[in-house]
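Reading the structure
So you can see what is in the structure, the chains are spelled out below.
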Amino acid sequence: MVEAVETMDGWYSLHDLRSIDWNAWKLATEEERKQAIDSLHKLLDKWEAVEEAKDGSQVLYKVLGQKADLMFMFLRPTMDELSEMETELSKSKMGEFLLPAHSYVSVVELSKYRESKDGIDPETLPETQARLKPILPKWEYICFYPMDRRRQGDENWYTLEKNVRAKMLYEHSKTGRKYAGKVKQIITGSIGLDDWEWGVTLFAHEPLEFKKIVYEMRFDEVSSKYGEFGEFFVGNHLPKEHLRTYLSI
Ligand code: VOV
């Protein structure tokens with residue numbers, strides 16, 4: 001049957017990308033810069049406590065290239081909390097030196113393509129809950145891009161039978177599993193929330209793994225026939241302890 005698959009939805013996600021106004025930063029006094037860095041530290045400490053309580057998660061990366069300077073990925077149970085985080089960052093002293101660069105709104109998503117075993121609803125399993133409310137890895141590199149499933153002529157994902165889609169995603173997962181320990185993926189759904197249908201966030205210890213997995217997946221039918229991709233953002237992890245050095249001039 002051509003029918004929607006049921007999704008399991010977890011924490012809401014905001015990718016919040018900012019550029020640093022380096023000219024304003026250089027013109028600021030030493031004291032102003034110190035206040036700005038302290039204000040960001042304070043926010044990061046506050047958000048870290050939320051993560052320790054397992055009520056959300058976040059990461060901060062330095063974006064490589066001219067698309068932005070910083071990428072925050074925030075996960076929270078509600079959109080209201082995400083909105084608060086975005087606003088408190090803008091209102092902080094550091095916010096005076098940040099320019100909006102890009103953003104993406106979505107929700108952590110898993111789908112129920114596989115039949116449930118023994119009649120157990122997979123959503124009730126602790127391992128599913130852990131994947132829906134993930135503590136984001138603080139691995140060295142991040143890669144984020146949005147994607148769609150194609151709807152064009154004979155290549156229309158949305159007119160395929162559910163079991164055909166399930167089979168293709170199963171093949172996709174086999175490719176993915178080859179990268180266990182090398183690439184960690186967080187798939188977020190954004191139909192009705194942002195401009196693309198899914199957000200793909202990948203973490204790796206070695207950036208070449210992004211190129212390898214994305215290239216290999218291009219040959220899986222689900223991507224070769226039915227994948228459309230947006231802009232890519234890659235970055236290096238920025239731990240709180242490195243913030244002062246990164247911003248020192
Ligand atoms: C890093 C490895 C990896 C692994 C193990 C993996 C596994 C799986 C499984 C088992 C499933 C299906 C069930 C579910 O959990 O939803 C998916 C689902 C999905 N994936 Fe995936 N994926 C990976 C990685 C991985 C990558 C690198 C990409 C980008 C694709 C590319 O060409 O650039 C991707 C995309 C997606 C998407 C957009 C969906 C949702 C599709 C939909 O139509 O519903 N994914 N994925």
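Taking an unreviewed UniProt entry as the reference, the protein chain is identified by name as Coproheme decarboxylase belonging to Oceanobacillus jordanicus. Under the Sequence similarities (unreviewed entry) heading, UniProt states for the protein chain: "Belongs to the ChdC family. Type 1 subfamily." Of the protein chain, the UniProt comment under Function (unreviewed entry) reads exactly: "Involved in coproporphyrin-dependent heme b biosynthesis. Catalyzes the decarboxylation of Fe-coproporphyrin III (coproheme) to heme b (protoheme IX), the last step of the pathway. The reaction occurs in a stepwise manner with a three-propionate intermediate."

A few points about the overall build of the protein chain
The secondary structure content of the protein chain amounts to eight helices and eleven strands. Against the 2.2 N^0.38 benchmark of 18 Å for 249 residues, the protein chain shows a C-alpha radius of gyration of 19 Å, consistent with a compact globule. Looking at the protein chain as a whole, 45% of its 249 residues qualify as buried. For the protein chain, the exposed surface amounts to about 13,500 Å²; the carbon and sulfur share of it is 52%.

Here's the deal with the coordination of the iron atom of the ligand
One donor from the polypeptide reaches the iron atom of the ligand: H172 (NE2), at 2.1 Å. Take H172: it is sitting in helix 5 (residues 162-177).

Some remarks on the nonpolar core
With 23 residues, the main nonpolar core has W47, F72 and M94 as its most contacted residues. At the level of elements, strand 1 (7-20), helix 2 (30-52), strand 3 (70-76), helix 3 (79-91) and helix 8 (243-247) are the ones that each hand at least two residues to this core. If one sorts the elements of this core by residue count, helix 2 sits on top with six residues. Every residue in contact with M94, bar those within four places of it in the chain, is listed here: W25, A36, I37, S39, L40 and L247. Among the nonpolar cores identified, the runner-up in size contains 18 residues, and W11, V63, L75 and L136 belong to it.

Thoughts on the packing of helix 2 against helix 3
Running from amino to carboxyl end, helix 2 crosses helix 3 at an angle of 160°, the nearest separation of the two axes being 10 Å. By the criterion of interaxial angle, the relationship of helix 2 to helix 3 is roughly antiparallel. Helix 2 and helix 3 meet at a crossing whose hand is right-handed. Here L40, L43, K46 and W47 of helix 2 lie close against helix 3, whose contacting residues are M85, E88 and L89.

Side note on the site of the ligand
Contacts to the ligand come from 22 residues, most closely from S111, Y145, H172, Q185 and S223. For the ligand, an oxygen atom lies 2.6 Å from a polar atom in the side chain of Y145. One of the side-chain nitrogen or oxygen atoms of S223 is found 2.7 Å away from an oxygen atom of the ligand. Contributions of two or more residues to the shell around the ligand are made by strand 4 (98-111), strand 5 (141-149), helix 5, strand 8 (183-189), strand 9 (198-204) and helix 6 (208-218). In terms of residue count, the dominant contributor to the shell around the ligand is helix 5 (five residues).

Criteria and cut-off values
- Residues numbered from 1 in each chain as written.
- Predicted model: local features only at pLDDT ≥ 70, side-chain atom pairs only at ≥ 80, totals over all residues.
- Heavy atoms only, no water.
- UniProt positions renumbered as here; feature names shortened; annotations may be inferred.
- Helix = DSSP H or I, 4+ residues; strand = E, 2+ residues; numbered from the N terminus.
- Rg over C-alpha atoms; globule rule 2.2 N^0.38 Å.
- Buried < 20%, exposed > 50% of the residue type's maximum accessible area, 1.4 Å probe, protein only.
- Areas by Shrake-Rupley, 256 points an atom, 1.4 Å probe, with all protein chains shown as cover.
- Donors = N, O, S within 2.8 Å, 3.2 Å for Na, K, Ca; no water.
- Core = buried A, V, L, I, M, F, W, Y, C linked by side-chain atoms within 4.5 Å.
- Contact = heavy atoms within 4.5 Å.
- Axes fitted to C-alpha atoms, helices over the stretch in contact; angles between N-to-C directions.
- Parallel < 35°, antiparallel > 145°, perpendicular 65-115°, else oblique.
- Left-handed = near helix turned anticlockwise from the far one by under 90°.
- Near = heavy atom within 4 Å.
- Polar contact = N/O pair within 3.5 Å; in protein donor to acceptor, adjacent residues only side chain to side chain.

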